[in-house]
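# Examining the three-dimensional arrangement
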Amino acid sequence: MTEPVTQAVWSRRAIAVLATTMCAVCILWNIEAHTRLGFAVLRQQYMALQLGLALTIAFLSYDFRGNVARAPHIINLVIAVICLATLLYAAANFVWLLQEQFYRPWQITVVGTVVVLGVMEGVRRRAGWMLFSIVTVFLIYALFADRIPGRLVGRGMSPVRLVDYVGFDSSAVFSSPLAVGTITVLLFVFFGQLLFAAGGGAFFTDLAMAATGRARGGSAKIAVVGSALFGSISGSAVSNVATTGVITIPMMQRGGYSKEDAGAIEAVASTGGQLTPPIMGAAAFLMAEFLDIPYTTVAAAALIPALLYYLGVFTQVDLIAARDGIEAPEDADLTVRKVLAAGWHFLIPFAVLLYALFVMRLDPEDSALLASLAIVAVGGIRGYKGTRLTLATFGQVFVKTGTSMVDLILVVAAAGFVIGVLNVTGLGFALTLVLVDSVGSSLFLLLLISAVVCIILGMGMPTSGVYVLLASLVAPSLVQAGVTPIAAHLFILYFGMMSMITPPVALAAFAAATISGAGAFATGAAAMRIGWAAFILPFAFVATPALLFEGTAQEVITATALTAIGVTGVTIGIVGFWGQKLGNLMRVAFGGLGALALPLGFITISILIHFAAAAALLGLGALFMLKGGKTQNSSQPT
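Rules behind the numbers
- Residues numbered from 1 in each chain as written.
- Predicted model: local features only at pLDDT ≥ 70, side-chain atom pairs only at ≥ 80, totals over all residues.
- Heavy atoms only, no water.
- Helix = DSSP H or I, 4+ residues; strand = E, 2+ residues; numbered from the N terminus.
- Rg over C-alpha atoms; globule rule 2.2 N^0.38 Å.
- Buried < 20%, exposed > 50% of the residue type's maximum accessible area, 1.4 Å probe, protein only.
- Areas by Shrake-Rupley, 256 points an atom, 1.4 Å probe, with all protein chains shown as cover.
- Lys, Arg positive; Asp, Glu negative; His and termini not counted.
- Charge placed at Lys NZ, Arg CZ, Asp CG, Glu CD.
- Phe/Tyr/Trp six-rings, centres within 6.5 Å; stacked < 30°, edge-to-face > 60°.
- Lys NZ or Arg CZ within 6 Å of the ring centre and 35° of its normal.
- Arc of directions from axis to C-beta.
- Contact = heavy atoms within 4.5 Å.
- Salt bridge = Lys/Arg side-chain N within 4 Å of Asp/Glu carboxyl O.
- Core = buried A, V, L, I, M, F, W, Y, C linked by side-chain atoms within 4.5 Å.
- pLDDT = per-residue confidence, 0-100.
- Axes fitted to C-alpha atoms, helices over the stretch in contact; angles between N-to-C directions.
- Parallel < 35°, antiparallel > 145°, perpendicular 65-115°, else oblique.
- Left-handed = near helix turned anticlockwise from the far one by under 90°.
- Polar contact = N/O pair within 3.5 Å; in protein donor to acceptor, adjacent residues only side chain to side chain.
- Expected span 1.5 Å × (residues − 1).
- Bend = angle between axes of the 7 residues up to and from the residue.
- Disulfide = S-S within 2.5 Å.
- Patch = residues over 30% accessible without salt bridge, like charges linked within 9 Å, V, L, I, M, F, W, Y side chains within 5 Å.

### What about the overall build of the chain?
If you tally the helices and strands in the chain, you get 30 helices and zero strands. Here the chain has a C-alpha radius of gyration of 25 Å; the compact-globule value for 638 residues is 26 Å, and the two agree. The C-alpha extent of the chain, read off along each of the three principal axes, is 90 × 65 × 50 Å. In the chain, which comprises 638 residues, the share counted as buried stands at 55%. Accessible area for the chain stands at about 25,900 Å²; split by element, carbon and sulfur atoms hold 67% of it. Considering the chain, the positive charge centre built from 32 side chains and the negative charge centre built from 27 side chains are found 6 Å apart.

Rendered as structure tokens:
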């Protein structure tokens, strides 16, 4: 393994100051310190400052290949200084620049050029070639849109007009994605870092171990529960695999899971965290902004699909353990009572967060601030396993929050370029028409094509970037075809995230394979098998909006029950075990009945068929459980 690079002292200190400033400015903005002091500050001024800080940290921290640099090359140092100076100028003079924007002064061109070149180079280094290439295609399209033949013809722009618009306008780089990233998401990352610094990470890992470690296949269940909790907060499936996987993957391998399954389980569980309320890896806040609806509506709509997703994963790891004789870890001596006795205080910040979000109906950023204050209060008084929030660790939280936000800020800024091009050229409207007209009246075909497009475009990109890009390119077509907006946006989020476990660029699965020692593509294939439900659930909640709490209580309960039974049935068929090992015929029977129980409205069958299939599946399952129990009893010595 490559040794981690130790950064030069002056470089590390400069980055620490910039990162701390980024975090502190965000807190001051959210408590409206400028207003209380009598200053009027535009949101764009705040975003320009944060973007400047993020670009400066990026060029001081990473070399031309995107690796951590011991000290920045002189060229990177010059670029960092230019980015910081330019965006500090923009932040200080934004009001005048807005007033003069119609006349296109050279200062806007300079700001726009620095922003476009700086963000694109930063994205290339940190997010990879995929996002860089996609954004580049859109920028090139804007230059030649008036020469494109056919229905994708649009309004062309000169290079100067292009950088003026995408690098400065409030409908492009300084639009909603960057605002959500620098105002809301940053505070939730701060909340998560505080939690880890106070010992909350160890507490929730132990809690997952105590709750599930004594069951068969307990090592995998610990991974599923723990990674689901951390994945929702972390905002990146890959970073979550790298953080929790170093513990859970070897533990699963020692427990008896194959290398491929161990890596796949961790990848699927971490990816699912991005789909799990309340935080959903920051996508929930972006979705609420795009749809102009309360955040609580998004979180509520995502709840049932997330539970069904983990039902499929949890059932499969349990059945694999039963089939392969994988028992609970021998050292599973933790109990829920012991863990809660030592770390019950970590539940208080989450209670504060949920109370502020769902009862007080505060904005997400205000809720995150209150929850962070709660962590500071309880974490400073009580520790966990020798870890306590001190003044030194509190300072490190600011640094880690700022540095961890750099990639996300660059990604959402680049996504702003795409949004700007779609708006100014008319390409967004044209893409919607082309996609809808190409499939005629078949909603299922439109969803199928959209799913493939989402997986392809999502490859190699972080959660926030995936969502913002797909919300601009694909979601409008689904809404135009009659899909409810919340269902359309959850649909594209699900399939965008499935790129994390779908080869050839299954980053979460490949990261897990690096830890497990298994083949990358074999782990990716295993991850698709274990996370199969995520490929079907989006079709289910588009066809049956009751799964998103859109409908009566009876409709919600019925749809959820049918889907849960269907997911379980198909999972049994995939694993080939239910009380005993199943032959091929019975696997097909379980899988087929499970598929028929799923309330997919695209298949024109009576609701009675769904109920009949569910009833038959329950009966067949009960029969095999009884047979399996009798077989085990008869095999025991008397």
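### Section: the environment of Leu98
Tracing the sequence through the fold places Leu98 in helix H5 (residues 94-100). Placed 10 residues apart in sequence, Leu98 and Ile108 show a C-alpha to C-alpha distance of 9.1 Å.

### Quick word on the packing of aromatic side chains
Evaluated as defined, the whole model comprises 25 aromatic pairs. Taken together through their ring pairs, the aromatic side chains of Phe191, Phe203, Phe204, Phe346, Phe350 and Tyr384 make up a single cluster. Between the NZ or CZ atom of Arg126 and the centre of the ring of Tyr62, over which it lies, the distance is 3.8 Å.

### Considerations on helix H26 (residues 520-530)
Buried within H26 we find Thr523, Gly524, Ala526, Ala527 and Ile530. Looking down the long axis of H26, one finds its buried residues gathered within 165° of arc, a one-sided arrangement. If you follow the buried residues of H26, they end up packed against helix H13 (259-273), helix H15 (295-324) and helix H25 (507-516).

### A short note on the pattern of salt bridges
Considering all chains together, one arrives at nine salt bridges under this definition. Close ionic contact of Arg126 with Asp407 constitutes a salt bridge, the shortest N to O distance being 3.0 Å. Pair noted here: Arg126 is in helix H6 (residues 106-126) and Asp407 is in helix H19 (residues 391-425), with a separation of 281 residues, a long-range link. Residue class for Arg126 comes out partly exposed when judged on its relative accessible area of 27%. Judged by relative accessible area, which is 24%, Asp407 ranks as partly exposed.

### Observations regarding the environment of Val123
Tracing the backbone through its elements, the reader meets Val123 in helix H6. On the accessibility criterion, Val123 (1% relative accessible area) is buried. Taking the C-alpha atoms as reference, Val123 lies 9.5 Å from Leu408; in sequence the two are 285 residues apart.

### Focus on the nonpolar core
The biggest cluster of nonpolar side chains holds 214 residues, and the ones touching the most others in it are Leu51, Tyr257, Phe417 and Phe491. The element best represented in this core is H19, accounting for 19 residues. Every residue in contact with Phe417, bar those within four places of it in the chain, is listed here: Val115, Val116, Val119, Met120, Val135, Leu139, Val166 and Val173.

### Observations concerning unusual backbone geometry
Look at Glu32: it is not a glycine, yet its phi comes out positive at around 55°. For Glu32, a relative accessible area of 43% corresponds to the partly exposed category. For Arg104, which is not a glycine, the phi torsion comes out positive at approximately 55°. Its location among the elements puts Arg104 in the loop between H5 and H6.

### Remarks on the confidence of the model for the chain
Taken residue by residue, the chain gives an average pLDDT of 88. The fraction at 70 or more is 95%. Every residue in residues 632-638 scores below 50 in pLDDT, and together they form zero contacts with partners more than four places removed in sequence or on other chains.

### Regarding the side chain of Gln44
Considering the arrangement of structural elements, one finds Gln44 in helix H3 (residues 43-61). Not counting the four nearest positions on each side in its chain, Gln44 is found in contact with Phe94, Ser170 and Phe174.

### Points about the packing of helix H17 (residues 347-359) against helix H18 (residues 364-381)
Between H17 and H18, the least distance of the axes is 8 Å, while the angle of their chain directions is 160°. The orientation of H17 with respect to H18, classified from their angle, is roughly antiparallel. The way H17 lies across H18 gives a crossing that is right-handed. In this structure, H17 uses Ile348, Pro349, Val352, Leu353, Ala356 and Leu357 to contact H18, whose residues at the interface are Pro364, Ser367, Ala368, Leu370, Ala371, Ala374, Ile375 and Val378.

### A closer look at the side chain of Thr502
Among the structural elements, Thr502 can be located in the loop between helix H24 (485-498) and H25. At a separation of 2.5 Å, a polar atom in the side chain of Thr502 contacts the main-chain carbonyl oxygen of Met498. If we ignore the near neighbours within four places in the chain, the residues touching Thr502 are Ile455, Met459, Met528 and Phe535.

### Describing helix H12 (residues 237-255)
Across its 19 residues, H12 extends only 24 Å between first and last C-alpha, which sits more than 12% below the 27 Å expected from 1.5 Å per residue. The largest bend in H12 comes to about 65°, at Gly245.

### What about the state of the cysteines?
Tallying each qualifying case throughout the model produces zero disulfides. This cysteine, Cys23, is not joined by any disulfide, and Cys26 carries the nearest cysteine sulfur, 6.5 Å off. Assessed through its relative accessible area of 0%, Cys23 is described here as buried.

### Description of the environment of Ala414
Structurally, the position occupied by Ala414 is in helix H19. In this structure Ala414 comes out as buried when scored by relative accessible area, which is 0%. Residues Ala414 and Ser499, 85 residues apart in the sequence, show an inter-C-alpha distance of 20 Å. Beyond its immediate chain neighbours, meaning those up to four positions away, Ala414 contacts Val119, Val123 and Val135.

### Quick look at a nonpolar patch on the surface
There is a patch of nonpolar side chains on the surface, built from Leu354, Tyr355, Phe358, Val359, Met360, Leu370 and Leu373 and spanning about 650 Å² of accessible area. The set of elements that each furnish at least two residues to the nonpolar patch consists of H17 and H18. A total of four residues in the nonpolar patch trace back to one element, the largest contributor, which is H17. Examined against the element boundaries, Val359 turns out to sit in helix H17.

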